[in-house]
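Residues per chain are reported as follows:
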Amino acid sequence: MKPTDTNNPEYYHKVVDCQYACPAHTPVPEYIRLIAQGRYNDAYMINWESNVFPGVLGRTCDRPCEPACRRGRVEEEPVAICRLKRVAADNKDSEAIAAAMPAIPTRKNGKRVALIGGGPASLTVARDLMPLGYTVDLYDNQPAGGGFMRSQIPSFRLPATVLDQEVNQILDMGVSAHFNTYVDSMKSIIDKGYDAIFVGTGAPRPKDLKLPGREEAEANIHLGIEWLASVAFEHTKAIGKKVLVLGGGNTAMDCCRTSLRVGADSVKCVVRSPRADMKASPWEIEDSEREGVEMFENHTPKEFIVEDGKLVGMRFELVRAEYDANGKRSLVPTGEPDVIMECDDICVAVGQDNAFPWIERDVGIEFGQWDMPVVDRVTFQSSRPNVFFGGDAAFGPENVITAVAHGHQAAISIDLFLNGHSVKNRPAPGVTLVSQKMGVHEWSYDNSVANDLRYAVPHEDVGLSVKDRKLEVELGFDVATAVREAARCLNCDAQTVFEAPKCIECDACIDICPTDCLTMIDVTDMEDEAQLRPQLKMPATNETQSLFVSDSLQTSRVMVKDENVCLHCGMCAERCPTAAWDMQKFTYHVSKAGACAVQEEEQA
Amino acid sequence: MTYLRPEFRHPQLPVNELGYSRKDYEGALSTLCAGCGHDSISAAVVQSMFEMSIEPHRVAKLSGIGCSSKTPTYFLGKSHGFNSVHGRMPSVVTGANMANRDLIYLGVSGDGDTASIGMGQFAHAVRRNLNMVYIVMNNGCYGLTKGQDSATADVGSCSKKGEPNKFEAIDLAGVALELGATFVARSFSGDKDQLVPLIKAAVSHRGFAFIDVISPCVTFNNNPGSTKGYEFVRDHLEATGTVDFVPMREEITACYPNQTSEEVTLHDGSVVHLCKMDDKLNVRSRNSAVERMKNYKDRGRILTGLLYMDPDSQDLHDSIDSSKKPLRQLGEKELCPGVAVLQNINDSLR
Ligand SMILES: Cc1cc2nc3c(=O)[nH]c(=O)nc-3n(C[C@H](O)[C@H](O)[C@H](O)COP(=O)(O)OP(=O)(O)OC[C@H]3O[C@@H](n4cnc5c(N)ncnc54)[C@H](O)[C@@H]3O)c2cc1C
Ligand SMILES: Cc1ncc(C[n+]2csc(CCOP(=O)(O)OP(=O)(O)O)c2C)c(N)n1
Ligand code: SF4
Ligand code: SF4
Ligand code: SF4
Ligand SMILES: [Mg+2]
């Protein structure tokens, strides 16, 4: 058994479950502490550095951090990370934030970059390149910036003021934005002589349902993302009284809830699969149902029913899910009679695809499977070296935070490329590890563990909500609740750092550890971790979580820590007579574009 | 900024036959020095009681004065407790035990509390074979009063102060054997694998069960030159064997081929199974135990493990034929049988 190499920054990074799970690796516990201290501007800026849209994401993020949050393994529910982020955005001081924005050099570096598409991916590239002196042109076919954040995410989830502020924060850096400009030829952009081109055009093509009656009923069948955009830009202002929404993802939920706000009395959401397999986030389903949307599972659409040339309903076959030995699902008809649901309008929200009809296939950009561009997963470079892809355009539909993470990495590549460096030469993350000990029983962070269960965010009255498409439904935490929710965070970045030579093997840490994370054990005969896991004081059954194995102790045993349910309470360090255990704050910052130049300067 | 033990425990924490987890046997957060051996003994008590599925309200923990005597606060928070006067715990247990023989009596003391001020009390509890577990947390010093040498400090051993101890040490296990204890063991706070089964066997034993646990005082007596520090004890430790406490229903695991096995069945049917590393020891023989202890001591080694036990011993209640029922279960008539009965007794003595 080899001792754990804690000098590898990824070891401690992985312990900070939320930050590790966040595609942009936002330092979550750090900003949660700042919120608890009322330092909203600082909390906002930490977010902004990592994820560029704290106000937007504090409302709409897919929050991969929350299922990863340690708190969910210790008790029922994770910390409401996303909603705490919003608290920072809601309570920040706009002037202070404006003042904290990076300076934009007036003397440009002479390099010109084109961004195609104005969504979060492109805007992130702009955010990272503008401070370095690049000249950036952005092209988008919509009347304003934000991409799908503007056209798809409805205002009752994301008010326009919040979006405008965070989009403008970037555009105001001096990006020259060309809105209402659809790029119909990559060649035309290449011909403009840009040094680099970033494609952030998303996945804008809705999937359709080609079933009998589709053409005759055309007037009353709407494709989810097109319809949502049309409502957002106020081309569509009404829908029929009875609406069916086909599909079980988040787009379907937004169609349901938008329908209620533009005139529907009854909205039925119908999915082919069992409800448990629905793709929508649980909270989106919950919010839809609270507003009166009815969910129907295991209904496979068969036919659009048209009478006198007008849509009147839809026929469904009833199915049940069966799983083969490999767990592969098939939907098998139950043989029950078909179900007919009456309706005036139908929204089809069954997915979206990428589409690059505007990229000529002879400009050196290679396309592969499913007519998707061949893009490097780390550098985001295409087969044409000065063309980069990111966001939904790179590997298919994801979410805003993923688009942001791509944008940061693509910006690094563009900067490396335009400075004559290899794009493979990625800058290392910035890490620090600092003791938090202040004195006897005193740590610089609040090491007590709050017992509170997750606090719910208050919602606007349903009656009012469904009357006003722009009225925000979620009201956000008030400051008092935010402070209580923030206290639930376990401060996973306060790492338990162990120094084997100091340990006198008194057992104090093992005896005190509330969650039995620690074991001193002889591992001389063990080959690997798999052998060690079952032999710990509490068997380490969660294999996604690391084991720390120390160097050899005096008795030739080793100290082992299962990171799984460590509360970061510091009791081990508190009870250690020799400070062999210490609580040390670990910071991990993903490097951004320009870091290479800085690193080179430092070396010179 | 706080010093509180979190409420959360491992989500898969096992439960015992009563449905209790270890948490149900914990006490208040210790205020002893970080790294004190006594805390490990507390953890071993928690573990033992949990594993034995003992209902916490059936245990009474009693102690004298000292860091060691403070520990009952730090385990079995739902049991009865009595923190008595320096060296007087044996008398209080005697009284309590006479009044209610149904409880499990766990006496906790220190080497100062037992070998100095409480020596006389200790001696009488032993010779009466009082049914109790008597744990001495032995650190060779008076921890609570800042580390003065105690009567168990070895000749020449230096505490933090740096002065070698001039006086011969009292070996409390030896004294207990001499005075007729019916269960005698020695252990080390840093060896829970050994200590936990010993505590379990001691709890099951009927009669006086004595465990001398070497328990380093990390603050005053864990320095080079001390014979009661972690490093010294670990380097000089020998064990009579591996003890396995086997409740009635369970199967006994085999010893390694080069070890001899010895089994002792207790009055409640449980079995103490010893895989002996020293096959010269006969755990049923007092003389053997005394001889072995001397043998190791002469070689500068510390012999730990189970040293002696007499499973058929008669405890104090048996000897004086006292009430089978706890006094509180007796009615007024039985407790106070009246003038006529008193008269009879008096007459019989005339
Ligand atoms: C209904 C719906 C709801 C969603 N809700 C959420 C949510 O709550 N949270 C979340 O994290 N994600 C959500 N998403 C997903 C999220 O919006 C996207 O993953 C994200 O916006 C992708 O960002 P992007 O920068 O890659 O591209 P996009 O945001 O899609 O932006 C691309 C932009 O490029 C424009 N464009 C495309 N082609 C051209 C062209 N040839 N010339 C000029 N402009 C062009 C498009 O019109 C668009 O404005 C949702 C998606 C949908 C459909
Ligand atoms: C009657 C009386 N005499 C003296 C003392 C002072 N005193 C308190 S603790 C102690 C010695 C404790 O030593 P030990 O029993 O070994 O406990 P430790 O602290 O080492 O665990 C003494 C002498 C006292 N409390 N009461
Ligand atoms: S408890 Fe806090 S630091 Fe730990 S994973 Fe959850 S939010 Fe992150
Ligand atoms: S910080 Fe230390 S004592 Fe607290 S849970 Fe983690 S390992 Fe255990
Ligand atoms: S003084 Fe010694 S015996 Fe007392 S608590 Fe501290 S380490 Fe333990
Ligand atoms: Mg002592």
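Residues numbered from 1 in each chain as written. Chains lettered and ligands numbered in written order. Predicted model: local features only at pLDDT ≥ 70, side-chain atom pairs only at ≥ 80, totals over all residues. Heavy atoms only, no water.

Undergrad: So what's going on with the overall build of chain B? Which residues, and what values?
TA: Scanning chain B from terminus to terminus reveals 12 helices and 13 strands. Its C-alpha atoms give chain B a radius of gyration of 21 Å, near enough to 20 Å, the size a compact globule of 350 residues would have. Its C-alpha atoms give chain B principal-axis dimensions of about 70 × 50 × 45 Å. Taking all 350 residues of chain B together, 54% fall into the buried category. A fraction of 69% describes how many contacts in chain B between residues 6 or more apart in sequence connect residues 24 or more apart. (Helix = DSSP H or I, 4+ residues; strand = E, 2+ residues; numbered from the N terminus. Rg over C-alpha atoms; globule rule 2.2 N^0.38 Å. Buried < 20%, exposed > 50% of the residue type's maximum accessible area, 1.4 Å probe, protein only. Contact = heavy atoms within 4.5 Å.)

Undergrad: Can you tell me about the coordination of the magnesium ion (ligand 6), naming the residues and giving the values?
TA: Residues and elements named next belong to chain B. Listed as protein donors to the magnesium ion (ligand 6) are Asp111 (OD), Asn139 (OD1) and Cys141 (O); their distances from the metal cover 2.1 to 2.2 Å. Look at where the donors of the magnesium ion (ligand 6) fall in the sequence and you get D-x27-N-x1-C. Here Asp111 is found in helix H4 (residues 111-115), whereas its partner Asn139 is found in the loop between strand S4 (132-138) and strand S5 (141-142), with 28 residues between them in sequence. For the residue pair Asp111 and Asn139, the accessibility class agrees, reading buried in each case. (Donors = N, O, S within 2.8 Å, 3.2 Å for Na, K, Ca; no water.)

Undergrad: Got a sec to walk through the nonpolar core? Specific residues and values, please.
TA: Residues and elements named next belong to chain A. Of all hydrophobic cores here, the largest spans 74 residues; its most connected members are Met186 and Phe389. Among the elements that make up this core, the one with the highest residue count is helix H18 (residues 400-418) (11 residues). Contact partners of Met186, with chain neighbours within four places excluded, come to Ile116, Ile197, Val199, Trp358, Ile359, Glu360, Val363, Ile365 and Val387. Judged by nonpolar contacts, the second largest core, of 62 residues, contains Ala500, Cys569, Cys576 and Phe586. (Core = buried A, V, L, I, M, F, W, Y, C linked by side-chain atoms within 4.5 Å.)

Undergrad: Residue-level account of the sheet that holds strand S2 (residues 135-139) of chain A, with values.
TA: Residue and element names in this part refer to chain A. In spatial order, the strands read S3-S2-S1-S4-S16; together these 5 strands make up an open sheet with parallel pairing. Because the sheet does not close on itself, it has two edges, and the strands there are strand S3 (176-178) and strand S16 (387-389). Across the sheet, the axes of successive neighbouring strands diverge by a mean angle of 20°, strand direction being ignored. By the bridge criterion, 5 bridges tie strand S1 (residues 112-116) to S2 in an arrangement that is parallel. Following the sheet pairing, Leu115 is matched in S2 by Leu138. In the packing of H18 onto the sheet, contacts are made with S1, strand S4 (196-199) and S16, and the angle to S4 comes to roughly 165°. (Pairing = 2+ DSSP bridges. Axes fitted to C-alpha atoms, helices over the stretch in contact; angles between N-to-C directions.)

Undergrad: Describe the confidence of the model for chain B, listing the residues and the values that go with them.
TA: Residue-level pLDDT values for chain B average 94, and 99% of them are 70 or greater. Here the complex is predicted with pTM 0.92, and the ipTM for its interfaces comes to 0.92. (pLDDT = per-residue confidence, 0-100.)

Undergrad: So what's going on with the sheet that holds strand S23 (residues 558-562) of chain A? Residues and values would help.
TA: All names here are of chain A. Sheet architecture is open: 3 strands sit in the order S21-S23-S22, paired in antiparallel fashion. Across the chains shown, the open sheet's two edge strands, defined by having one partner strand only, are strand S21 (518-521) and strand S22 (547-552). Strand after strand, the sheet turns through a mean of 20° between neighbouring axes, direction not considered. Here S21 pairs with S23 via 4 bridges, running antiparallel. Its bridge partner being in S23, Thr519 is matched across the sheet by Val560.

Undergrad: An account of the interface of chain B and chain A is requested, with residue identities and associated values reported.
TA: If you look at the interface, chain B gives 32 residues, while chain A gives 39 residues. Regarding the contact of chain B and chain A, the summed buried area is about 2900 Å², with carbon and sulfur atoms giving 56% of it. The tally of links between chain B and chain A comes to 4 salt bridges. With its nearest N and O atoms 2.7 Å apart, the salt bridge here joins Asp511 of chain A to Lys192 of chain B. Taken together, the connections running from chain B to chain A amount to 14 residue pairs in polar contact (both at pLDDT 80 or more). Within the residue set of the side of chain B that touches chain A, elements represented by two or more residues are helix H1 (37-51) and helix H8 (230-236) of chain B. Classifying every residue of the side of chain B that touches chain A gives 15 nonpolar, 9 polar and 8 charged. (Buried area = accessible area lost by both parts, 1.4 Å probe. Salt bridge = Lys/Arg side-chain N within 4 Å of Asp/Glu carboxyl O. Polar contact = N/O pair within 3.5 Å; in protein donor to acceptor, adjacent residues only side chain to side chain. Nonpolar A, V, L, I, M, F, W, Y, C, P; charged D, E, K, R; others polar.)

Undergrad: So what's going on with unusual backbone geometry? Residues and values would help.
TA: All names here are of chain A. The phi torsion at Trp370 lies on the positive side, around 50°, for a residue other than glycine. Of note, Trp370 is situated in the loop between strand S15 (352-353) and S16. Residue classification places Trp370 among the exposed residues on the basis of a relative accessible area of 74%. Unlike most non-glycine residues, Ser556 shows phi in positive territory, near 70°. Relative to the helices and strands, Ser556 is located in the loop between S22 and S23. Of the residues examined, Ser556 reaches a relative accessible area of 39% and is grouped as partly exposed.

Undergrad: Residue-level account of the environment of Val126 of chain B, with values.
TA: Residues and elements named next belong to chain B. Its place among the elements puts Val126 in helix H5 (residues 119-127). Through-space distance from the C-alpha of Val126 to that of His267 is 19 Å; in sequence the pair is 141 residues apart. Apart from the residues within four sequence positions on either side, Val126 is in contact with Ala176, Leu179, Gly180, Ala181 and Phe208.

Undergrad: Which residues make up the environment of Ser383 of chain A, and what values go with them?
TA: Residues and elements named next belong to chain A. Residue placement: Ser383 occurs in the loop between S15 and S16. The spacing of Ser383 and Gly364 is 19 residues in sequence and 6.6 Å in space, taken between C-alpha atoms. Not counting residues up to four positions away in its chain, the partners in contact with Ser383 are Gly364, Ile365, Glu366 and Val374. Within the structure, the side chain of Ser383 is placed 3.0 Å from the backbone oxygen of Gly364, a separation counted as a polar contact. There is a polar contact of 2.6 Å between the side chain of Ser383 and the backbone nitrogen of Glu366.

Undergrad: Hey, could you go over the site of ligand 2 for me, with residue numbers and the actual values?
TA: Residues and elements named next belong to chain B. Around ligand 2 sit 17 residues in total, of which Cys67, Ser68, Asp111, Gly112 and Asp113 are the nearest. One nitrogen or oxygen atom from the side chain of Asn139 is found 3.0 Å from an oxygen atom belonging to ligand 2. For ligand 2, an oxygen atom lies 2.9 Å from a polar atom in the backbone of Leu144. Here ligand 2, which alone exposes 590 Å², has 74% of that area covered by the protein. Secondary-structure elements contributing two or more residues to the shell around ligand 2 are helix H2 (67-70), H4 and S5. Of the residues in the shell around ligand 2, the class split is 6 nonpolar, 9 polar and 2 charged. (Near = heavy atom within 4 Å. Areas by Shrake-Rupley, 256 points an atom, 1.4 Å probe, with all protein chains shown as cover.)

Undergrad: How would you explain the pattern of salt bridges if you had to name every residue and give the values?
TA: Scanning the model with the defined rule gives 67 salt bridges over all chains in all. Two residues, Lys585 of chain A and Glu30 of chain A, come together in a salt bridge whose shortest N-O distance is 3.1 Å. With Lys585 of chain A in strand S24 (residues 581-589) and Glu30 of chain A in helix H3 (residues 28-36), this pair connects stretches of sequence that are 555 residues apart. A relative accessible area of 23% means that Lys585 of chain A is categorised as partly exposed. Put simply, Arg292 of chain B and Glu291 of chain B hold a salt bridge, and the shortest N to O gap is 3.1 Å.

Undergrad: So what about helix H4 (residues 40-51) of chain A? Which residues, and what values?
TA: A turn of α-helix holds 3.6 residues, and therefore any two residues three or four places apart point the same way. All names here are of chain A. Compared with an ideal rise of 1.5 Å per residue, which puts 12 residues at 16 Å, H4 spans 16 Å between its outermost C-alpha atoms and is within 8% of the ideal. H4 sits mainly inside the fold: 9 of its 12 residues count as buried. A positive phi of about 65° marks Val52, the residue just after H4. (Expected span 1.5 Å × (residues − 1).)

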